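What follows is each chain in one-letter form.
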Amino acid sequence: MKPVEQWISFCTIFRKEIRRFMRIWVQTLLPPAITMALYFVIFGTLIGSRIGEMGGFTYMQFVVPGLIMMSVLTNSYSNVVSSFYSAKFQHSIEELQVSPTPNYVILLGYMLGGVARGLAVGFIVTLLSLFFTSLEIHSLAITVSIVILTSVVFALAGFINAVFANSFDDISIVPTFVLTPLTYLGGVFYSINMLPEFWQGVSKLNPILYMVNVFRYGVLGVSDIDVAWAFAGVGVFVVVLFSVCLYLLNSGTRLRA
Amino acid sequence: MTTPALTIKNLAKTYGNGFQALKGISLDVQPGDFFALLGPNGAGKSTTIGVICSLVNKTGGEVSIFGHNIDTHFSAAKRMLGVVPQEFNFNQFELVEDVVMNQAGYYGLPRALAAERTEKYLRKLGLWEKRREAGRLLSGGMKRRLMIARALVHEPKLLILDEPTAGVDIELRRSMWEFLEEINAAGTTIILTTHYLEEAESLCRNIAIINQGEIVTNTSMRHLLAQLNKENFVLDVQETIIEAPTIQGYELKMLDEHSLEVEVEKGQSLNGLFTELSAANVNIVSMRNKSNRLEELFVSLVSNSNEGAAQ
């Protein structure tokens, strides 16, 4: 397939993915907006006013970057896992399998579809947060690059989940039992400096901690961890997960008999 | 020498559970052919098609489409191929036109050309008025036609249809036959699997019968039908009959009080039969084949193959 044809195929998949989540915006864009507005009200305004400062900022300012990141990563994951599993379930994935579209183009299409939803939700949540606090971006480059990389990581993880899922139950197990606990324990609501040394060490095994902290650094200029190392770690995740996804597609794991 | 539209060499497939679906089959389909791939359920037809269109991993052998090996010239081979599967496999929530447009995109067709082709094939298949409806709202016959439109949008040189008329009413089936004959006449090679043997007999010029993962026969339809030594006809009689008349050289059997069955040897004239029946005051008002000729051969070849395998 010529590069221009690959580009057309990629655009087709990407456009289809965006139209899918826009068509069902009540299920995809509205719920995170409502949930995050509730978080802002309850944790930021009601409880946050009693907590006082954290890391030199009001609790609302501290918690907003984490909540934006939480909505970005969960939506990037959800979009790919539900869309790709649904294509598997309905066998419409065969439309791509019989076509000359290379596997890496299929992967990029689904992955960036997930990134698009993650960023769309992140944008909506950011706009909502402005009703509760002001955001002065410390470093736009760091903020934008970490949010995109995080979105890519979770879109790829969602893809792997979809490949191995055998039922709709299987696509909710990982978000419920892995993603949510890791997110809540990933420094969204607190600074790990508040934890005893042992639990700080345990927390540093959680990749979401790095993503949330780098994003918080981009917005507020404060972080519990080294930003350069965090970027390197997220970069490694992107490369490893992309390679695993491509291997699964090339080998036809759970996709070809 | 012309490059075959499809070449299959020693194709083998053993599933993870140890079931040997294909035991090294070989097959050539010539360009422009209308080819029937027949076999009972579980014979290996869908596995063969699955391998050709990359939905099933083969465990041995080679497949080439117009000379392009599906392993080494993946893109060129796939560009030549269109597939209409047995099961509905489009996104049921997508609009009809989006299903076809997206498929065009997956083959790298620019959007303007994709839109033009989408309109062309949706119109040809009587779905243009339904283009803004979700696929799930279509009737079964319309869903089948949608899959044909989708398979044709990149104008493949080889079209494989896996039981395209299953569950389709006779009127629609006949209009589908006309459409398939039309695109075959325009140069598209067609491979058809079907359980309606009448369909295969009337449409296809060449045939392969597969059973238990092996090719039982692979020949022209004419040659295959010539193997039939006897044919049975049902004669509808005007008068009420009490017993079958005895006529020398013909074996007549009474089916009911208004119909007879006669077995005729290959090459045997029917004139004598009608003369004798007329002399016996038996007036024939109509006559038809008792069963489809291909069906008789199919049943005989498959049961011979099953007996061979059992021994």
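Each remark here, short or long, concerns the structure printed above.
Everything numeric here is computed off the predicted structure, so don't read it as measured data.

Digging into the overall build of chain B
Here is step 1: Within chain B, the secondary structure is distributed over 10 helices and 14 strands.
Here is step 2: The principal-axis extents of the C-alpha atoms in chain B amount to approximately 75 × 50 × 40 Å.
Here is step 3: Each of the 311 residues in chain B was classed as buried or not, and the buried ones make up 52%.
Here is step 4: Within chain B, contacts between residues at least 6 apart in sequence are counted, and of these 68% link residues at least 24 apart.
Here is step 5: When the accessible surface of chain B is summed, it comes to about 14300 Å², and 48% of that surface belongs to carbon and sulfur atoms.
Here is step 6: Charged side chains in chain B number 31 positive and 38 negative. The centres of these two groups are separated by 10 Å.

Focus on the sheet that holds strand β10 (residues 214-220) of chain B
Residues and elements named next belong to chain B.
Here is step 1: Spatial ordering of the open sheet is given by β6-β7-β8-β3-β9-β10, a layout of six strands whose pairing is mixed. This sheet does not close on itself; its edge strands, each paired only once, are β6 (81-84) and β10. With strand direction ignored, the average angle separating the axes of adjacent strands in the sheet is 15°.
Here is step 2: Direction of pairing for strand β9 (residues 206-211) relative to β10: antiparallel, over a ladder of six bridges. In the strand pairing of β10, Ala208 is matched with Asn218.
Here is step 3: Strand contacts of helix α1 (residues 45-52): β3 (34-38), β6, β7 (158-162), β8 (189-193) and β9, with the helix running at about 145° to β7, the strand carrying the most contacts.
Here is step 4: Running at roughly 170° to β6, helix α5 (residues 140-152) makes contact with β6 and β7 of the sheet.

Re the side chain of Thr48(B)
Here is step 1: Relative to the helices and strands, Thr48(B) is located in helix α1.
Here is step 2: Beyond its immediate sequence surroundings of up to four residues, Thr48(B) is in contact with Ile8(B), Leu11(B), Leu22(B), Ile25(B) and Ile210(B).

Focus on the interface of chain B and chain A
Here is step 1: Listed as interface residues are 30 residues of chain B and, on the opposing side, 24 residues of chain A.
Here is step 2: Buried surface at the junction of chain B and chain A, both sides included, amounts to about 2600 Å², of which 49% is carbon and sulfur.
Here is step 3: Our count for the chain B to chain A interface comes out at three salt bridges.
Here is step 4: For the salt bridge of Asp98(B) with Arg19(A), the shortest nitrogen-to-oxygen distance reads 3.1 Å.
Here is step 5: Those elements that place two or more of their residues in the side of chain B that touches chain A are α2 (74-79) and α3 (96-106) of chain B.
Here is step 6: The biggest single contributor to the side of chain B that touches chain A is α3(B), with six residues.

Brief notes about the pattern of salt bridges
Here is step 1: Inspection of the entire model under this criterion finds 15 salt bridges over all chains.
Here is step 2: A salt bridge links Lys16(A) to Glu17(A); the shortest N-O distance between them is 3.5 Å. The exposure classification of Lys16(A) matches that of Glu17(A), with both residues buried.
Here is step 3: The salt bridge partner of Asp71(B) is Lys58(B), with a shortest N-O separation of 2.7 Å. Here Lys58(B) lies in the loop between α1 and β4 (60-65) and Asp71(B) lies in the loop between β5 (68-69) and α2, a separation of 13 residues in the sequence.
Here is step 4: On the basis of relative accessibility, which here comes to 49%, the residue Asp71(B) falls in the partly exposed class.

Thoughts on the side chain of His154(B)
Residues and elements named next belong to chain B.
Here is step 1: Take His154: it is sitting in the loop between α5 and β7.
Here is step 2: Residue classification places His154 among the buried positions, given a relative accessible area of 10%.
Here is step 3: At 2.8 Å, the side chain of His154 and the backbone oxygen of Leu81 are in polar contact.
Here is step 4: In this view, His154 contacts Lys78, Arg79, Leu81, Gly82, Tyr107, Leu109 and Arg117; residues no more than four positions away in its chain are not counted.

A look at the packing of aromatic side chains
Residue and element names in this part refer to chain A.
Here is step 1: Inspection of every chain in the model, using the stated rule, returns 13 aromatic pairs over all chains.
Here is step 2: Plain terms: the ring middles of Phe10 and Phe14 are 5.7 Å apart, the flat faces sit at 10° to each other, and that makes the pair stacked. Of this pair, Phe10 and Phe14 both sit in helix α1 (residues 3-23), four residues apart, which is roughly one turn of that helix.
Here is step 3: Overall, Phe10 belongs to the buried group, its relative accessible area being 12%.
Here is step 4: Overall, Phe14 belongs to the partly exposed group, its relative accessible area being 26%.

Reading guide: rules and limits
Residues numbered from 1 in each chain as written. Chains lettered and ligands numbered in written order. Predicted model: local features only at pLDDT ≥ 70, side-chain atom pairs only at ≥ 80, totals over all residues. Heavy atoms only, no water. Helix = DSSP H or I, 4+ residues; strand = E, 2+ residues; numbered from the N terminus. Buried < 20%, exposed > 50% of the residue type's maximum accessible area, 1.4 Å probe, protein only. Contact = heavy atoms within 4.5 Å. Areas by Shrake-Rupley, 256 points an atom, 1.4 Å probe, with all protein chains shown as cover. Lys, Arg positive; Asp, Glu negative; His and termini not counted. Charge placed at Lys NZ, Arg CZ, Asp CG, Glu CD. Pairing = 2+ DSSP bridges. Axes fitted to C-alpha atoms, helices over the stretch in contact; angles between N-to-C directions. Buried area = accessible area lost by both parts, 1.4 Å probe. Salt bridge = Lys/Arg side-chain N within 4 Å of Asp/Glu carboxyl O. Polar contact = N/O pair within 3.5 Å; in protein donor to acceptor, adjacent residues only side chain to side chain. Phe/Tyr/Trp six-rings, centres within 6.5 Å; stacked < 30°, edge-to-face > 60°.

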